[in-house]
Amino acid sequence: MKDDITREERVAGLKGMGCSRKRVEDARFTQGKGNYVDDIKLPGMLHGDFVRSPYAHARIKSINIDAAMALPGVVAVLTAKDLEPLGLHWMPTLAGDKQMVLADGKVLFQGQEVAFVVASDRYVAADAVELVEVDYEELEVLVDPFKSLQSDVVLREDLVAEDGSIPNGAHGPRKHPNHIFTWEVGEEEATNQVIDNAEVVATEEMYYHRTHPCPLETCGSVASMDKVNGKLTLWGTFQAPHVVRTVASILSGIEEHNIRVVSPDIGGGFGNKVGVYPGYVCSIVASIVTGVPVKWVEDRMENLMSTAFARDYWMKGKISATKEGKITGLHCHVTADHGAFDACADPTKFPAGFMNICTGSYDIPVAYLGVDGVYTNKAPGGVSYRCSFRVTEAVYFIERMIEVLAIELNMDPAKLRSINFIKKEQFPYTAALGWEYDSGDYQTAWDKALAAVDYTGLRAEQAQRVEDFKAGKTRKVMGIGLSFFTEIVGAGPVKNCDILGMGMFDSCEIRIHPTGSAVARLGTISQGQGHATTFAQILATEIGLPADSITIEEGDTDTAPYGLGTYGSRSTPVAGAATAMAGRKIRAKAQMIAAYLLEVHDDDVEFDVDRFVVKGAPERFKTMKDIAYAAYHQAIPGLEPGLEAVSYYDPPNMTYPFGAYVCVMDIDVDTGVPEIRRFYALDDCGTRINPMVIEGQIHGGLTEALAVALGQEIAYDDMGNVKTGTLMDFFLPTAWEVPNYETDFTVTPSPHHPIGAKGVGESPHVGGVPCFSNAVQDAFRPFGNRHTNMPHDHWRIWQTANSLGMHG
Ligand code: PCD
Ligand SMILES: [Cu+]
């Protein structure tokens, strides 16, 4: 047999790894043919809506549902009393705490779910919500975690014993009724000793404000209890559908095989859709009670007010160095505001996530991290926003500490970073706080970034600008924001990462059809990342069938193998690895079939792009398409028919993507308006599967970073009122605010991942926030600025200029 196309053409035809294959899901998204939770319409379906608390802290004296029930179209109004006999008025959180599903005796944050109205349509439900009469008695509100730790006001009465003693929490002893846990990593004494005797020490306090990802689609679910067959089907905005199935089974007592959980198309998740919300539970209970499907979809204000928040970390740092700028020690303490219930989605062993990556990209000999979690009268969560596991906070902390240390040393901050980078030859590198970084080449990336923006030239221009400003020739100052980050993604190792006790492996199951096309199902779920596009590319390269002939399915627990879902940039590091490994199993069987068909020994054939060829005789081959057909249509002695494989992958380590970002910003000191002149982002995520998808991920993550750094915030007043509950007050950047990003890359493969890939989805956010913030801070550095807190909105920037005497 002879081929009429070249090897290069065969490679290109597969659209495998490294190809900027167009996203297959976009055909339906761009034509309005997506299928989201709210698109699900079932016969007889009812609609739920919540009565929510207007108070941040209040006792509930009574709830009167009579007027609501009298409204035509209202079928049921559920309160905690109705859920109590089922044991469903409280639910476990992912952090080992428990959370009220519906207010049980009191409310602990504004917007908390008090009652669930079920009605014939969404509008009747909303009208009935207004008719539910709740008698509240207001209690003292605690929104400041430091005050909360001093206060006599007990927020969680359920967590104090009758004799007034404080039982241990899920993470050990608690110091105060409003205290959740203390988590310590590293050596505090040794660190203090180094810092106390150091030549140079910089200290700083910073607040990483509370914010919220704000996906286009809010959270929702549709529950349908088929009482005849005992089957519960639940559609919802779930980033981890299998975990939802297991939790739903444990909570409801329905056997797991009788529950089907489906995540249909998801309109952005960003960590917001990892947790379990009262709405999910209430839609299930309502469907069980009424015997018909019940839909619950929250509106934008409900979403901003009550779903999982992010950050809210008060961080205190000390960093020491020699006069030459070699860092000798790092001390970090965090007061973590967790709101009313501890609902973080961290693996059990990590109550503050991976905050202990806070030594960053630097070789720091000794370090200590202490975190205290605190209850306040704010919404629970603490999981989300483009880094499930607190890496954004860690990287912001170290990248600010580096800048402050540079001020203390009177040294260029780019140079200070270079002096302290973990060196290429030090990998795998074990950091002082325990993580083993798999691979990196930081200096090369840094040099490339600085050269690309002409860093020396920029600093000269900035110096000139300072002179011009002082001479009254301009009212604009110029900032150069730098950040170098190391992410930690791909949880990951089952031995130390779990969700509610379930180890964080992931999975892929492949079935090759006789005509040479295939379907692969994974335990993850895309929320816009483009998995249907990229996972097919991994397989195309591994098994030699065109990506266009491979369907990727996720999110239906009746068909997909068990997996832990998509967040923490874990899909590529974990499910991507499972995909490659399953592909290799297919290939191994294909090799036997090929050898049989070619009448040679197994070892005498080798894989080449899309076929097995006889070694030394490339004209003798069988394509994967031929092999697929033979697997079903030829009885091959000693081999089962068919061509399928499954892999459950437990990664040996996390992956550690990294990057170098530079932002050039001009700031009008009289209006406080920043203008981003340039943003350069170099990312290293190891082997790149789809460069176009990666670029899209980086644009998205940077835009969310811009939002958080420059204005986005969930703010509360002293009464616990949410001040930013609508998109009028909550900053969501549009094309108007967003600059043209310049993207670049280096490739340092992960040594333990089967295809060398690391995650990338979270990286631009993790590295972007400190970069934007550093740009603002750097603009004011020549005028005496050391640190100001985010978000740097126009008003705060104006105040910074004002406090530095730049207006007079
Ligand atoms: N090397 C490499 C890597 C990666 N890639 C690609 O890219 C993407 C991504 O990936 P990753 O990194 O692995 O990740 P994932 O897991 O898939 O995802 C997750 C992420 O993702 C991001 N992105 C995004 N996008 C969209 N569109 N949407 C959304 O929602 C989102 N989200 C966000 C977040 S937030 Mo968290 O949840 O907070 O934790 S986490 C996260 C995909 O598609 C993949 O395939 C490639 O290509 N290559
Ligand atoms: Cu993360």
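Residues numbered from 1 in each chain as written. Chains lettered and ligands numbered in written order. Predicted model: local features only at pLDDT ≥ 70, side-chain atom pairs only at ≥ 80, totals over all residues. Heavy atoms only, no water.

All right, on to the layout of surface pockets then. Considered as a void within the structure, the second largest pocket measures approximately 480 Å³ in volume. Together, 23 residues line the second largest pocket, and Val-143, Trp-314, Lys-378, Tyr-716 and Asp-718 are the ones closest to its centre. When residues of the lining of the second largest pocket are assigned to their parent elements, the largest contribution, three residues, is made by strand E10 (residues 200-211). (1 Å grid on protein atoms, 1.4 Å probe; cavity = no way out; pocket = protein on both sides within 12 Å on 5 of 7 lines; lining within 4 Å. Points joined across faces, edges and corners; volume = space filled by probe spheres on them. Helix = DSSP H or I, 4+ residues; strand = E, 2+ residues; numbered from the N terminus.)

With that settled, consider the site of ligand 1. The environment of ligand 1 is formed by 36 residues, the closest being Ser-388, His-531, Gly-568, Gln-697 and Val-760. Contact distances for ligand 1 include 2.8 Å between an oxygen atom and a backbone N or O atom of Gly-271. Broken down by secondary-structure element, the contributors of at least two residues to the shell around ligand 1 are helix H15 (531-543), helix H16 (571-598) and helix H18 (691-710). Residue composition of the shell around ligand 1, by class: 11 nonpolar, 21 polar and four charged. When residues are assigned to domains, the shell around ligand 1 turns out to be shared by domain 1 (7-34 + 506-649) and domain 3 (399-489 + 655-803), each giving three or more. (Near = heavy atom within 4 Å. Polar contact = N/O pair within 3.5 Å; in protein donor to acceptor, adjacent residues only side chain to side chain. Nonpolar A, V, L, I, M, F, W, Y, C, P; charged D, E, K, R; others polar. Domains from an automatic or database assignment.)

Next up on the list: the coordination of the copper ion (ligand 2). Donor atoms from the polypeptide that bind the copper ion (ligand 2) are Cys-387 (SG) and Glu-762 (OE), placed at 2.2 to 2.3 Å. Here the residue Cys-387 occupies a position in the loop between strand E17 (366-374) and helix H11 (391-409), and Glu-762 occupies one in the loop between strand E32 (741-745) and helix H19 (763-780), the gap between them amounting to 375 residues. (Donors = N, O, S within 2.8 Å, 3.2 Å for Na, K, Ca; no water.)

What follows deals with the sheet that holds strand E31 (residues 673-684). Strands sit in the order E20-E30-E31-E32 across an open sheet of four strands; the sheet is mixed. Since the sheet does not close on itself, it has two edges, and those belong to strand E20 (476-486) and E32, each with one partner. Sheet twist, expressed as the average angle between the axes of neighbouring strands with direction ignored, equals 15°. Of the strand pairs in this sheet, E20 and strand E30 (residues 658-668) are connected by 11 bridges, and their pairing is antiparallel. Each residue of the ladder has a partner; that of Phe-484, found in E30, is Ala-660. (Pairing = 2+ DSSP bridges. Axes fitted to C-alpha atoms, helices over the stretch in contact; angles between N-to-C directions.)

In this structure, His-176 sits in the loop between helix H6 (145-148) and strand E9 (179-186). Taking the relative accessible area as the measure of exposure, His-176 reaches 14% and is therefore buried. Polar side-chain contacts of His-176 include one of 3.2 Å to the backbone oxygen of Leu-149. Setting aside residues up to four positions removed in sequence, His-176 forms contacts with Ser-148, Leu-149, Gln-150, Ser-151 and Ile-166. (Buried < 20%, exposed > 50% of the residue type's maximum accessible area, 1.4 Å probe, protein only. Contact = heavy atoms within 4.5 Å.)

We now examine the domain arrangement of the protein. Interfaces are often sized by the amount of accessible area the parts lose when they come together. Considered domain by domain, the protein is made up of domain 1 (7-34 + 506-649), domain 2 (37-139 + 218-266 + 273-306) and domain 3 (399-489 + 655-803). A straight line from the C-alpha centre of domain 1 to that of domain 2 covers 40 Å. With 21 residues of domain 1 in contact, the opposing surface of domain 2 contributes 20 residues. Of the roughly 1500 Å² buried between domain 1 and domain 2 on both sides combined, carbon and sulfur atoms contribute 49%. Taken as a group, Gln-527, Thr-557 and Tyr-562 account for 37% of the area that domain 1 buries against domain 2, more than any other trio of residues on that side. (Buried area = accessible area lost by both parts, 1.4 Å probe.)

It is worth spelling out the pairing of E30 at this point. By the criterion of burial, E30 is predominantly enclosed, with 10 of the 11 residues buried. Pairing of E30 with E31 involves 11 bridges; the strand directions are antiparallel. Paired with Asp-666 across the bridge in E31 is Glu-675. What sits between E30 and E31 in their antiparallel hairpin is a turn of four residues, with Gly-672 showing a positive phi close to 75°.

Helical geometry: 3.6 residues make up each α-helical turn, so side chains three or four residues apart lie on a common side. Compared with the 22 Å implied by 1.5 Å per residue over 16 residues, the 23 Å span of helix H14 (residues 455-470) between its first and last C-alpha is a close match. Every buried residue of H14 is accounted for by Tyr-455, Leu-458, Arg-459, Gln-462, Arg-465, Val-466 and Phe-469. Buried residues of H14 fall within an arc of 115° about the axis and therefore sit on the same side. In this structure, H14 carries Thr-456 and Glu-467 as exposed residues pointing more than 90 degrees from its buried face. Contact partners of the buried residues in H14: helix H12 (413-420), helix H13 (442-453), E20, E30, E31 and H19. Just downstream of H14 lies Gly-472, where phi reads positive at about 75°. (Expected span 1.5 Å × (residues − 1). Arc of directions from axis to C-beta.)

Residue Pro-428 is bonded to the preceding Phe-427 through a cis peptide linkage, with omega at -5°. Along the chain, Pro-428 falls in the loop between H12 and strand E18 (429-430). Residue Pro-791 is reached from Met-790 by a cis peptide bond, and omega for that bond is -10°. Note on placement: Pro-791 falls in the loop between H19 and helix H20 (794-803). Here Arg-311, not a glycine, exhibits a phi torsion of approximately 65°, which is positive. With respect to the helices, strands and loops of the structure, Arg-311 is situated in strand E15 (residues 310-321). The exposure class assigned to Arg-311 is buried, which follows from its relative accessible area of 1%. At Arg-390, a position not held by glycine, the phi torsion is positive, near 65°. Relative to the helices and strands, Arg-390 resides in the loop between E17 and H11. Of the residues examined, Arg-390 reaches a relative accessible area of 2% and is grouped as buried.

As a packed pair, H18 and H19 sit with axes 8 Å apart at the nearest point and diverge in direction by 45°. The angle between the axes of H18 and H19 places the two elements in the oblique class. Note on packing geometry: the crossing formed by H18 with H19 is right-handed. The segment H18 lies against H19, with Gln-697, Ile-698, Gly-701, Leu-702, Glu-704, Ala-705, Leu-706, Val-708, Ala-709 and Leu-710 engaging Pro-764, His-765, Gly-768, Val-769, Phe-772, Ser-773 and Val-776. Partitioning the contact of H18 with H19 into residue classes produces 11 nonpolar, five polar and one charged. (Parallel < 35°, antiparallel > 145°, perpendicular 65-115°, else oblique. Left-handed = near helix turned anticlockwise from the far one by under 90°.)

Let us now look at the pattern of salt bridges. Across all of its chains, the model carries 51 salt bridges by this definition. The partner of Glu-713 in a salt bridge is Arg-796, and the shortest N-O contact between them spans 3.3 Å. Of this pair, Glu-713 sits in the loop between H18 and E32 while Arg-796 sits in helix H20, and the two are 83 residues apart along the sequence. Given the relative accessible area of 17%, Glu-713 is considered buried. (Salt bridge = Lys/Arg side-chain N within 4 Å of Asp/Glu carboxyl O.)

On to the environment of Ile-327. Relative to the helices and strands, Ile-327 is located in strand E16 (residues 327-337). Residue classification places Ile-327 among the buried residues on the basis of a relative accessible area of 1%. When the C-alpha atoms of Ile-327 and Gly-700 are compared, they prove to be 33 Å apart, with 373 residues separating the residues in sequence. Non-local contacts of Ile-327, meaning those with residues more than four positions away in its chain, are made with Ile-319, Ser-320, Ala-321, Asp-363, Ile-364, Pro-365, Ile-402, Leu-405 and Asn-420.

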